[in-house]
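# Structural description and commentary
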Amino acid sequence: MSEIDIINPFNLEKITTIPLHSKSDVENALHKADQLFHDRQRQLSVPQRVTILEKTKALMEQQVEDLTRIAATEGGKPYADSKVEVLRAINGVQLAIEHIAHNQDQFVPMGHTEASANRLAINIREPIGVATGISAFNHPLNLIVHQTIPAIAVGCPVLIKPDLRTPMSCLRLVEILYEAGLPEDWCQALICENDAAEQLVTDPRVQYFSFIGSARVGWYLRSKLAPGTRCALEHGGAAPAIVDADVDFAKVVPSLLKGGFYHAGQVCVSVQRIFVHESISHALAEKLAVNAMALKIGDPTNKETEVGPLILPRELQRIESWVDNAVAAGAQVLCGGERFSDTCYKPTVLLNPPLDSEVSTQEIFGPVVCVYSYSNREQAIAQANSLPYAFQAAVYTQNMDIAMDCAKKLDATAVMINDHTAFRVDWMPFGGRKESGLGMGGIPYSMHELTQTKMIVMKSPAL
């Protein structure tokens, strides 16, 4: 059996070795899930699902510290932020429990015309079938929760492939589900290479597929879906923020700092492009740089660390190259612009990089933010909307008319007013437009997508 070494992204030391599943293992898992779904005798009732999820939540609450350490060690997200992720994951389980009751049957009015007389109609929601998911490294526990727990909550068997760099959080969650009483065929983790994982996309037994990762891979996988398979794709972006001249630096700078450098910028809605009115652009950029230089960089398991490593050394090399190219073309480096170590890149603030440079047109996915000066807000909005990505955006201003005007004109699925682009709670809809994705995530929204409707109409003279 093949194996894979799991490497700590900070010190590049081996954490553990995990066996890899083969194509035949994936086929066996699909067969089990499909057989389970079609065996009415093995279906889990709503009370059973609620009980299992309640026990899952309780077990996770008992293991917060352990789950935090696993996520920080394998993914490189600082301890404090990894702990927030674990608490969000626990809340995600609670949200699924709460929304089971909201995903139920509905009566459809009948009897108000001659054609519908003596009839009673009920629209019931049924689980769609076998669900599969391919996940990303940057939230190794919470993303797995979002791709598995809604399926279990509505009664869909689910197969999940975590990122091969961060499988440990996924494996621990699945172990917890089993400890909570979930029969093993209901949720199976598959640690496999891409050639084996492709069957999780192409197989006609799969009725729902979710993917979190790069646009290039996501759109390719969508083209391989079997007819009728629903999908949700969550890709990245280059999130813009519009900053008006009237803002309070004491409030705006900490917000932009968190949104830009959280998890070393390895977040699909991380603040990347900041368009600031010319009257304050240089002063705000300088203030942001001063605060960025004060961030503590280093070992993600250290409780004081604020910026950890990039997931792979080659990502550091890519970011380094992009920043160097922007500087050579005229960008001003206000802080950072260089390595901290072989695995960490210093938080970097660039002022007025060329609009056609990689840092302005591609998702950086690293600890780099770009500040652009504008005189005309309409032009700034047009520039913010100019890329083929559209996810979350932000506007900072004390003028509500300006805020709402920007919110309406920015091309985004969510616009934050006086908050950074990376804000999210797990009950809100979350997803991208254009090349940034397809469909909406969020616990209740995923639960809805994992079910399908069936109309039952009864006719009786007694009705």
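Our subject in this report is the structure included herewith. (Residues numbered from 1 in each chain as written. Predicted model: local features only at pLDDT ≥ 70, side-chain atom pairs only at ≥ 80, totals over all residues. Heavy atoms only, no water.)

## Some thoughts on the nonpolar core
Filter applied, for reference: Put simply, buried Ala, Val, Leu, Ile, Met, Phe, Trp, Tyr and Cys residues joined by side-chain atoms within 4.5 Å make one nonpolar core. Three exposure classes are used, based on accessible area relative to the maximum for each residue type with a 1.4 Å probe and protein chains only: buried under 20%, partly exposed in between, and exposed over 50%. Per the convention used, a helix needs a DSSP run of H or I reaching at least four residues, while a strand needs a run of E reaching at least two, with both numbered from the N terminus. Should any heavy atoms of two residues lie within 4.5 Å, those residues are considered in contact.
Ranked by size, the top nonpolar core spans 45 residues in total, and within it L53, M60, I149, I152, L182 and L450 carry the most contacts. For this core, the secondary-structure elements that each account for two or more residues are α2 (46-62), α3 (64-75), α4 (79-100), α5 (142-154), β6 (158-161), α6 (168-179), β7 (187-189) and α16 (443-449). The leading source of residues in this core is α4, at eight residues. With near-sequence residues (within four places) excluded, L450 lies in contact with E126, P127, I128, A131, P150, A151, V154, C156, Y208 and R230. Within the second largest apolar cluster, 33 residues are counted, among which are V252, I280, A285 and Y396.

## Points about the sheet that holds strand β4 (residues 119-127)
Our working definition: In this description, strands pair whenever DSSP reports at least two bridges between them. Angles run from 0 to 180 degrees between N-to-C directions of axes, and those axes are lines fitted to C-alpha atoms, restricted for helices to the stretch in contact.
Taking strand neighbours across the sheet as the criterion, the three strands line up as β3-β4-β20 in an open arrangement whose pairing is antiparallel. The two strands at the open ends of the sheet, each matched to only one other strand, are β3 (106-108) and β20 (451-459). The average angle at which neighbouring strand axes cross in this sheet is 30 degrees, direction not considered. Of the strand pairs in this sheet, β3 and β4 are connected by three bridges, and their pairing is antiparallel. Among the inter-strand pairings, F107 is bridged to a residue of β4, identified as I122.

## Digging into the packing of helix α14 (residues 377-384) against helix α15 (residues 400-409)
Convention followed: Crossing handedness: left-handed means the near helix sits turned counterclockwise from the far one by under a right angle, and right-handed means the same turn made clockwise.
One way to put it is that α14 packs onto α15 with a least axis distance of 10 Å and a crossing angle of 35 degrees. The handedness of the crossing between α14 and α15 is right-handed. For the pair formed by α14 and α15, the contact residues are R377, E378 and I381 on the first element and I402, D405, C406 and K409 on the second.

## A few points about the pattern of salt bridges
Side chains that carry opposite charge are capable of pairing whenever their charged atoms lie near each other. Here is the rule: Salt bridge, as applied in this entry: a Lys or Arg side-chain nitrogen positioned within 4 Å of an Asp or Glu carboxyl oxygen.
In this structure the tally under the stated criterion is 21 salt bridges. For R172, the salt bridge goes to E175, with nearest N and O atoms at 3.4 Å. Taken as a pair, R172 and E175 lie in helix α6 at a separation of three residues, close to a single helical turn. R172 sits in the partly exposed class, given a relative accessible area of 21%. One network of salt bridges, in which partners are shared, links R377, E378, D405 and K409.

## Section: α14
For clarity, the threshold we go by: In this context, the arc is that of the directions from the helix axis out to the C-beta atoms. For the purposes of these results, a polar contact is taken to be a pair of N or O atoms within 3.5 Å, where, inside protein, one atom must be able to donate a hydrogen and its partner to accept one; residues adjacent in sequence count only when each atom of the pair is a side-chain atom.
Turning to α14, its buried residues number three or more, namely A380, I381 and A384. All buried residues of α14 lie within an arc of 100 degrees about the axis, which places them on one face of the element. In this structure N376 caps α14, since a side-chain oxygen of it lies 2.9 Å from the backbone nitrogen of E378.

## Looking at the packing of α3 against α4
For clarity, the cut-off: Each angle is binned into one of four classes, with values under 35 degrees roughly parallel, values over 145 roughly antiparallel, values of 65 to 115 roughly perpendicular, and all other values oblique. Residue polarity follows a fixed list, in which Ala, Val, Leu, Ile, Met, Phe, Trp, Tyr, Cys and Pro are nonpolar, Asp, Glu, Lys and Arg are charged, and the others, Gly among them, are polar.
With their axes 8 Å apart at the nearest point, α3 and α4 run at an angle of 125 degrees to one another. Our classification of the angle between α3 and α4 gives oblique. The chirality of how α3 crosses α4 is right-handed. Residues V64, E65, L67, T68, R69, A71 and A72 of α3 pack against Y79, S82, K83, V86, L87 and I90 of α4. Within the contact of α3 with α4, the residues separate by chemical class into eight nonpolar, two polar and three charged.

## Looking at helix α12 (residues 313-328)
Along an α-helix, residues three or four apart share an orientation, since each turn contains 3.6 residues. Keep this limit in mind: By this rule the span expected of a helix is its residue count minus one, scaled by 1.5 Å.
Given a rise of 1.5 Å per residue, 16 residues ought to cover 22 Å, and the 23 Å separating the end C-alpha atoms of α12 matches this to within 8%. The complete set of buried residues in α12 reads L316, I319, W322, V323 and A326. For α12, the angular spread of buried residues about the axis comes to 130 degrees, placing them on one side. For α12, the exposed residues set more than 90 degrees away from the buried face come down to R314 and A328. If you follow the buried residues of α12, they end up packed against β13 (348-351), α13 (358-361) and β14 (368-374). With its phi angle positive at about 125 degrees, G330 sits one or two positions after the end of α12.

## Regarding the pairing of β4
As paired strands, β4 and β20 are joined by nine bridges and run antiparallel to one another. Considered in β20, the bridge of P127 is made with T451.

## Observations regarding the state of the cysteines
Stated formally: By definition, disulfides here are pairs of cysteine sulfur atoms that lie within 2.5 Å.
In the structure shown here, the tally under the stated rule is zero disulfides. Counting only cysteine sulfurs, C156 is the nearest neighbor of C231, a cysteine outside any disulfide, at a range of 15 Å. Judged by its relative accessible area of 15%, C231 is buried.

## Concerning the environment of A403
With respect to the helices and strands, A403 occurs in helix α15. Separated by 64 residues in the primary sequence, A403 and R339 have C-alpha atoms spaced 37 Å apart. Those residues in contact with A403 that lie beyond four places of it in its chain are V395, T397 and I417.

## A word on the side chain of S436
Checked against the element boundaries, S436 lands in the loop between β18 (433-434) and β19 (437-438). Exposure remark for S436: the relative accessible area of 0% places this residue in the buried category. Polar contacts involving the side chain of S436 include one to the main-chain amide nitrogen of A390, which spans 3.0 Å. Apart from residues lying up to four places away in sequence, S436 is in contact with L233, E234, H235, G236, G237, Y389, A390 and F391.

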